[in-house]
Amino acid sequence: MPKQKTVSGAKKRFSITGSGKIKRKHAFKSHILTKKSKKRKRNLTYSGLVHRADVGAVKEMLVL
């Protein structure tokens, strides 16, 4: 049986925290920033956690 490979896109986008949660970055902060408020852009700067419903799918992509 061959080894299961990690999805390349997933390993670039997600990282595991010390407690085992999956960290992610927010979308919508790369371009067209003029119409977005200062508060919205600031809040998109910080990282978030993957939602509980999506954790299984992300772990499968990362082969955890």
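Everything quoted here is computed from the prediction, not taken from an experiment. (Residues numbered from 1 in each chain as written. Predicted model: local features only at pLDDT ≥ 70, side-chain atom pairs only at ≥ 80, totals over all residues. Heavy atoms only, no water.)

A. Just the sheet that holds strand β2 (residues 22–24), in detail. Pairing is antiparallel across the open sheet formed by 3 strands, whose spatial order is β1-β2-β3. The sheet terminates laterally at β1 (15–16) and β3 (48–49), the two strands that pair on one side only. Here β2 pairs with β3 via 2 bridges, running antiparallel. Considered in β3, the bridge of Arg 24 is made with Gly 48. (Pairing = 2+ DSSP bridges. Helix = DSSP H or I, 4+ residues; strand = E, 2+ residues; numbered from the N terminus.)

B. Expanded view of the side chain of Lys 36. Structurally, Lys 36 is set in the loop between β2 and α2 (38–45). No salt bridge forms around the buried Lys 36; measuring N to O, its nearest opposite-charge neighbour Asp 54 is 20 Å away. Of the polar contacts made by the side chain of Lys 36, one reaches the backbone oxygen of Phe 28; its length is 3.0 Å. Only 3.5 Å separates the side chain of Lys 36 from the backbone oxygen of Ile 32, close enough to count as a polar contact. (Buried < 20%, exposed > 50% of the residue type's maximum accessible area, 1.4 Å probe, protein only. Lys, Arg positive; Asp, Glu negative; His and termini not counted. Salt bridge = Lys/Arg side-chain N within 4 Å of Asp/Glu carboxyl O. Polar contact = N/O pair within 3.5 Å; in protein donor to acceptor, adjacent residues only side chain to side chain.)

C. The nonpolar core, seen in detail. With 5 residues, the main nonpolar core is built from Ala 10, Ile 22, Val 50, Val 58 and Leu 62. If we ignore the near neighbours within four places in the chain, the residues touching Val 50 are Phe 14, Ile 22, Arg 24, Val 55 and Val 58. (Core = buried A, V, L, I, M, F, W, Y, C linked by side-chain atoms within 4.5 Å. Contact = heavy atoms within 4.5 Å.)

D. Region of the structure containing the environment of Ile 22. For Ile 22, the location among the structural elements is in strand β2. As for Ile 22 and Met 61, which are separated by 39 residues in sequence, their C-alpha atoms are 12 Å apart.

E. Up close: unusual backbone geometry. Although it is not a glycine, Phe 28 adopts a positive phi angle of roughly 70°. With respect to the helices and strands, the residue Phe 28 is situated in the loop between β2 and α2. Given a relative accessible area of 63%, Phe 28 falls into the exposed group. If you check the backbone angles, Val 63 has positive phi at about 55° while not being a glycine. The residue Val 63 is located in the segment after α3 (55–62) in this model.

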